[in-house]
Amino acid sequence: MTTKLRSFLSALVRGRRLEREMEEEWRFHLDQRVDTLMASGVSRREAQRIARVEFGDPLRWKEEGREARGLRLIHELRSDVQYALRQMGRARTATLVIMTTLALAIGANTAIFTLVDAVMLKPLPVPHPEELKQLVWIARRSGFHATYNGSARSNAAGERVATSFSYPVITNLRDHATTLSDVFCFDEPQQLSLVHDGAAQLVDGQFVSGNYFRGLRVDAILGRTLGEADDKPGAPAVGVISHRFWRRAFAEAPDVVGRRITVNGAPVSIAGVLPPSFFGVLPGARPDVVLALAVQSAFDASTPPDALTRADRWGFQVMARIKPGETVGRAEAEAEALIRQAILAYAPAAAYDPPRIVLDPGDRGLANLRREYSNPLGILMGMVGVVLLIACANIAGLLIVRANAREREIGMRIALGAGRWRVIRQLVTESVVLAVGGGCLGFAITYGIRHLLPVLVTEGSSTVDLDTALDVRILLFTAGTCLTTGLACGLLPALRATNVDVASLIGRTLTGTLTSASRRWTAKVLVATQVAFSLMLLVGAGLFVRTLLNLRSEALGFKPDGLLIFRVNPSQSGYPAARWNNVYERAVERIAAVPGVLTVSLSRYAVLAGGSTRDGIGVLGSESKPIGTYIHYVAPRYFETMGIPLRLGRDITWQDREQSRHVVVINEALARTLFGTAQPIGQWVIHPNEKAADAMEIIGVAADAKFSDVRRPAPPTIYEPYVKLPQRLMTFAVRAAGDPEGLSGSIREAVAAVDPSVPLFDFWSQRTQIDLAIRQERLFANLVSGFGLLALLLACLGIYGTLSYSVARRTPEIGLRMALGASRHDVIGLVLRESAGPVAVGAVMGVAGVALAARVIQTMLFGVTHDDTSTLLGALAVLLVSALGAAWLPSARASRVEPMLALRQD
Amino acid sequence: MATTTELLQGTLDLLILKAISLGPLHGYGVLLRIQQISGDKLQIQQGSLYPALYRLEHQGLIESEWGESDNRRKAKFYSLTTSGQRRLRAEVNYWGRLSDAINLALAAVPGDL
């Protein structure tokens with residue numbers, strides 16, 4: 001077998017040389033024979049003749065020789081491809097239409113697959129990714145943690161499924177596990193402000209344990225990565241930087257190791273540069289600076305100094321490598337025992353169930369993005385698949401028409417002895433060549449736009465940084481798609497075209513053969529298919545567009561128009577925490593004085609920007625369970641600036657800070673939940689785990705306003721004075737009298753007057769912020785509308801093409817009918833009726849398809865359900881009108897047929 | 001010229017293997033050797049040798065190498081590989097049994113039944 005393969009491959013590669021060698025070998029043979037014959041007295045001429053006759057037909061031996069080496073197929077394929085290229089050169093317009101259609105369809109498929117690959121399939125670029133596991137705990141009651149930070153969800157059984165652990169629990173596992181090696185942990189990636197060479201910027205950073213890089217088996221390409229020594233208490237702050245950041249900020253300077261940068265106001269020296277392919281363990285995030293967990297509290301105000309010693313502070317995600325030869329089951333059992341043992345050791349105060357431990361596969365990184373986007377990506381993949389199906393049906397229809405025009409050529413070839421299979425192969429080769437051509441074009445387009453793809457899996461204004469580089473899976477997918485497409489659109493027309501009655505064909509004219517009825521039937525089925533799928537895509541487009549419109553017009557609870565927002569971070573300019581509030585207040589004063597500014601305020605988070613702090617809130621002295629609440633740290637006049645009405649009481653004022661008691665405003669949702677109909681003003685509330693002295697008095701109730709998500713109703717929210725907890729990063733909100741964008745210059749000047757070195761980030765209108773928050777929905781609406789329109793266009797082309805062809809064939813018949821007294825209207829009706837059947841059948845199939853498939857997009861819709869009747873009717877109307885338009889042109893042409901000319905045509 | 005016999009389907013490969021087993025040969029040499037060892041009784045269309053040679057080479061039963069002929073011209077020489085030797089033994093064995101059986105069958109007279 002291997003010798004055959006080797007010989008076949010060498011024949012393939014050295015084809016031309018082998019042919020030359022064959023000829024040389026035969027020349028030697030003939031010469032020898034001629035010599036022998038001449039030696040026996042024959043003349044040279046006669047000897048040459050005899051030798052040639054004895055040898056036989058060299059062409060035949062050559063063909064058989066090729067076949068002997070398994071080369072015949074290849075040889076025929078080569079000539080088929082050449083023939084196909086000549087055919088394509090002849091029918092330029094048709095080729096162009098087909099190639100463009102395929103380029104769009106295959107390009108769309110490749111693009112979405114690139115995304116699927118990056119989010120769902122690509123393994124982490126580290127050695128032996130299959131050994132990596134992520135630890136997950138499952139418990140009904142999770143009182144073993146006092147605070148929890150990280151992702152958590154509920155499973156079907158109502159248990160909590162979460163991924164964060166406390167540091168002492170992790171070290172117990174790390175030090176005693178025998179089935180796992182390299183138990184390492186890390187915090188969620190976070191934004192850090194970074195200054196080097198006097199230039200400030202916001203970058204993504206991450207804090208990781210000292211064995212993180214060893215566990216991942218990732219080495220620095222320059223300098224070193226972090227080690228255990230960097231993760232000891234009191235260790236100097238060193239960081240490793242991404243290759244991207246090295247290039248962007250340091251122009252790939254080879255002496256970058258040892259240089260100092262300022263991260264969140266504190267100095268860090270650079271230890272090394274990470275490889276370009278490495279992005280960490282979370283697809284979608286790509287930290288530019290990685291620091292050790294031991295130094296985190298020096299950089300991150302929200303991290304207490306005892307974060308690594310408190311066993312009840314669960315906030316680090318854990319990965320480990322399973323030792324070769326160990327089973328997941330054994331490793332889970334061991335990890336579970338060690339973690340339960342660690343929990344017992346610190347004896348949590350609250351009631352809890354010992355957690356079960358599951359090891360999730362970690363070979364493709366953390367599952368966050370995968371879990372979140374498997375549904376939207378599946379939907380997109382399905383939609384581009386449908387577009388491809390429509391394109392295939394469309395092209396198959398076109399090829400059938402073309403095959404009809406080539407009927408005589410094909411019949412002739414079969415009559416001359418070409419096998420049916422041979423002719424089919426040749427016709428299919430043509431469509432595969434077309435598909436490969438279109439596929440290459442589509443692939444090139446996708447390659448050009450691959451950097452734009454991650455936006456599709458972006459929610460809110462956060463950036464998703466995915467590795468969309470080409471890999472072997474994408475290439476295989478595209479190649480497979482091209483081949484399948486070529487076969488799918490070519491096989492049916494080829495089977496139809498070669499099903500000819502040779503005897504009846506020879507000597508006949510083009511019109512009418514025995515098989516034309518069944519071929520027309522095929523064309524009708526193809527049209528119906530396109531109509532059905534187009535309707536499905538149109539309904540999808542309608543639903544997504546309505547979702548977008550609903551989101552846009554959703555009542556937010558505040559007035560976004562006329563609002564300008566931006567962020568300020570004084571810590572980057574070297575201000576100590578004690579002076580941050582001073583900077584904010586001076587900036588507020590300056591901005592308030594700008595002409596055209598109505599009011600100005602500030603808050604920890606921008607509204608609908610994704611960021612939020614959540615904690616429980618309970619009534620002071622009450623035993624009832626605290627309510628999960630969004631905490632919004634705000635300055636005075638916040639409600640006035642945002643346009644949120646105050647229902648009861650008063651706003652927070654600058655004077656409240658001087659008083660010893662803490663005051664807060666709550667929203668109506670929280671007031672309802674905590675107090676029902678009772679008067680909330682003057683009541684005291686408190687966060688769990690806080691002392692009674694930290695209780696806060698309710699001084700006002702604000703109307704409900706959306707906070708972090710446009711889709712969800714306003715959550716229970718508490719507005720606490722921002723001065724309570726100094727924040728290094730605050731969002732300013734400015735309400736302008738007129739066009740807010742026009743004020744940006746004078747607002748920048750006002751802030752610069754406080755300190756010109758304090759930079760302003762994310763400076764845009766609140767409307768822009770909302771657009772960013774719903775950009776995934778916007779993109780879906782645009783994309784799916786695009787797919788829908790493309791599908792509609794293709795379906796109309798299909799209807800038009802099939803009908804035009806049919807009219808051309810039936811011209812004599814139509815002429816005859818008109819000669820016998822049929823009116824133009826009769827003719828138009830006749831032709832329209834021919835297309836009505838397939839369109840009606842397609843529409844019914846499409847409605848059935850919508851009923852079956854539309855539910856899968858329900859979770860992505862907002863304010864509209866998947867079985868919305870008006871959307872379905874609208875899509876149906878668009879489809880039918882377009883179909884009528886496409887059918888009208890050929891029927892109008894038919895009605896202008898001159899009876900006498902038509903009758904003479906044949 | 002003596003009476004010649006048309007070659008039985010599939011026996012050309014066996015003859016080529018046999019011819020080459022006696023020593024490496026070029027294509028024309030294979031033809032001469034077969035004629036020689038068969039006592040000029042077999043009729044072979046000369047060109048058909050070559051597809052057969054390529055087929056045997058493709059199957060790994062023989063291998064080829066460019067060399068120099070007796071009259072100092074460049075020629076391709078074929079020799080038997082080990083699996084070719086094995087195949088030749090098996091084929092000879094099979095052919096012997098087959099021809100014995102057929103001879104026996106053809107020698108049958110009515111009295112034998």
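Fair warning: this is a prediction, and the values are worked out from it, not measured in the lab.

Draft legend 1. Structural view of the domain arrangement of chain A. Each assigned domain of chain A is listed here: domain 1 (2-70), domain 2 (129-363), domain 3 (370-552 + 775-904) and domain 4 (570-758). Just the C-alpha atoms count here: the centres of domain 1 of chain A and domain 2 of chain A sit 72 Å apart.

Draft legend 2. Quick look at the interface of chain B and chain A. Taken residue by residue, the interface counts 17 residues in chain B and 19 residues in chain A. The set of elements that each furnish at least two residues to the side of chain B that touches chain A consists of α2 (27-37), α3 (49-58) and β5 (74-80) of chain B. Ranked by residue count, the leading element in the side of chain B that touches chain A is α3(B), at 6 residues. By residue class, the composition of the side of chain B that touches chain A is 5 nonpolar, 8 polar and 4 charged.

Draft legend 3. Spotlight on the pairing of strand β19 (residues 613-619) of chain A. Residue and element names in this part refer to chain A. Judged from the 5 bridges that link them, β19 and strand β20 (residues 627-634) form a sheet pairing that is antiparallel. Bridge assignment links D615 to a residue of β20, and that residue is T629. Sheet topology places β19 next to strand β23 (residues 684-686); 2 bridges connect them, and they run antiparallel. Bridge pairing in β23 places V619 opposite V685.

Draft legend 4. Representation of unusual backbone geometry in the model. A positive phi is found at A251(A), a non-glycine position, where the angle reads about 50 degrees. When you line up the elements, A251(A) lands in the loop between α9 (243-250) and β11 (260-263).

Draft legend 5. A look at the environment of G788(A). Residues and elements named next belong to chain A. Looking at where G788 falls in the secondary structure, it is placed in helix α23 (residues 775-819). When the C-alpha positions of G788 and R16 are compared, they lie 49 Å apart, and in sequence the two are 772 residues distant. Excluding residues within four positions of it along the chain, G788 makes contact with L537, L538, G540 and A541.

Draft legend 6. Representation of the pairing of β11(A) in the model. Residue and element names in this part refer to chain A. The side-chain alternation of β11 yields one buried face, formed by I261 and V263, and one unburied face, formed by R260 and T262. Here strand β7 (residues 190-196) runs beside β11; their pairing, made up of 2 bridges, is antiparallel. The residue of β11 that forms the bridge with V195 is T262. Relative to strand β12 (residues 266-273), β11 runs antiparallel, the two being bridged by 4 bridges. Paired with V263 across the bridge in β12 is A266. Hairpin connection between β11 and β12: a loop of 2 residues separates the two successive antiparallel strands, and N264 in this loop has a positive phi of roughly 45 degrees.

Draft legend 7. Main features of the packing of α2(B) against α3(B). Residue and element names in this part refer to chain B. Here α2 crosses α3 at 105 degrees, and the two axes come no closer than 10 Å. By the angle between their directions, the pair α2 and α3 is classed as roughly perpendicular. Residues G27, V30 and L31 of α2 form the contact with α3, whose own contacting residues are L49, Y50 and L53. Within the contact of α2 with α3, the residues separate by chemical class into 5 nonpolar, 1 polar and no charged.

Draft legend 8. Spotlight on α23(A). Residue and element names in this part refer to chain A. With 45 residues, α23 extends 61 Å between its outermost C-alpha atoms, agreeing within 8% with the 66 Å of an ideal straight helix rising 1.5 Å per residue. Maximum bend of α23: about 60 degrees, positioned at R810, with proline P812 one to four residues after it. With its phi angle positive at about 115 degrees, G821 sits one or two positions after the end of α23.

Draft legend 9. View of the sheet that holds β5(B). All names here are of chain B. Strands sit in the order β2-β5-β4 across an open sheet of 3 strands; the sheet is antiparallel. The outermost strands of the open sheet, each flanked by one partner alone, are β2 (25-26) and β4 (62-68). Sheet analysis places β4 next to β5, joined by 7 bridges and oriented antiparallel. Counted as the bridge partner of I62 is L80 from β5.

Draft legend 10. Region of the structure containing the confidence of the model for chain B. Per-residue pLDDT for chain B averages 84, and the proportion of residues at 70 or more is 89%. Confidence estimates for the predicted assembly give a pTM of 0.73 and an ipTM of 0.86.

Draft legend 11. Representation of the packing of helix α6 (residues 92-121) of chain A against helix α15 (residues 472-498) of chain A within the structure. Residue and element names in this part refer to chain A. Two numbers describe how α6 lies on α15: the axes approach to 10 Å, and their chain directions differ by 145 degrees. Judged by the sense of rotation from one axis to the other, the crossing of α6 with α15 is right-handed. Note on element contacts: α15 touches α6 through R473, I474, F477, T478, T481, C482 and T485, opposite L102, I106, N109, T110, F113, T114, D117 and L121. The residue inventory of the contact of α6 with α15, partitioned by class, reads 7 nonpolar, 6 polar and 2 charged.

Draft legend 12. Just the confidence of the model for chain A, in detail. In this model, chain A carries a mean pLDDT of 86, and residues with pLDDT of at least 70 account for 94%. Low confidence marks residues 509-515 of chain A, where pLDDT is under 50. Its contacts with residues over four positions away, or in another chain, come to 14 contacts.

Draft legend 13. Seen up close, the nonpolar core. Residues and elements named next belong to chain A. If you look at the biggest cluster of nonpolar residues, it comprises 168 residues, and the most contacted ones within it are V387, V531 and L535. The dominant element in this core, judged by the number of residues it contributes, is helix α12 (residues 368-405), at 21 residues. Counting residues domain by domain, this core receives three or more from each of domain 3 (370-552 + 775-904) and domain 4 (570-758). Not counting residues up to four positions away in its chain, the partners in contact with L535 are A843, G846, V847, V850, A875, L876 and L879. The next biggest cluster of nonpolar side chains, apart from the first, holds 73 residues, and it includes F207, V289, F299 and L366.

About the criteria used
Each residue is numbered by its place in its chain's sequence as written, counting from 1. Naming scheme: in the order in which they are written, chains are lettered from A and ligands are numbered from 1. Predicted model: local features are reported for residues with pLDDT of at least 70 only, side-chain atom pairs are reported and counted for 80 or more only, and whole-chain, interface and lining totals are derived from all residues. The source of the domain bounds is an automatic or database domain assignment. This entry defines residue contacts through backbone-placed C-beta atoms, with two residues in contact when those atoms are within 7 Å. Secondary structure is summarised from DSSP: a helix means a run of H or I of at least four residues, a strand means a run of E of at least two, and numbering begins at the N terminus for each. Charged residues are taken to be Asp, Glu, Lys and Arg, nonpolar residues to be Ala, Val, Leu, Ile, Met, Phe, Trp, Tyr, Cys and Pro, and polar residues to be all remaining types, Gly included. The rule for pairing is simple: two strands pair if DSSP sees at least two bridges between them. Between the buried cut of 20 or more and the exposed cut of 12 or fewer other C-beta atoms within 10 Å of a residue's own C-beta lies the partly exposed class, and all C-beta atoms are placed from the backbone. Note on definitions: angles span 0 to 180 degrees between N-to-C directions of axes, and those axes are lines fitted to C-alpha atoms, for helices only across the stretch in contact. Oblique is the label for any angle not under 35 degrees, not over 145, and not in the 65 to 115 range, which are roughly parallel, roughly antiparallel and roughly perpendicular in turn. A helix's residues, less one, multiplied by 1.5 Å, set its expected span. Bend, at a single residue, is the angle you get between axes fitted to the 7 residues ending at that residue and the 7 residues starting at it. Every residue is assigned a pLDDT by the predictor, reflecting its confidence on a scale from 0 to 100. Helix crossings are classified by the rotation of the near helix relative to the far one: an anticlockwise turn of less than a right angle makes the crossing left-handed, while a clockwise turn makes it right-handed. A set of buried residues drawn from Ala, Val, Leu, Ile, Met, Phe, Trp, Tyr and Cys, joined through C-beta atoms within 7 Å, is what defines a nonpolar core.

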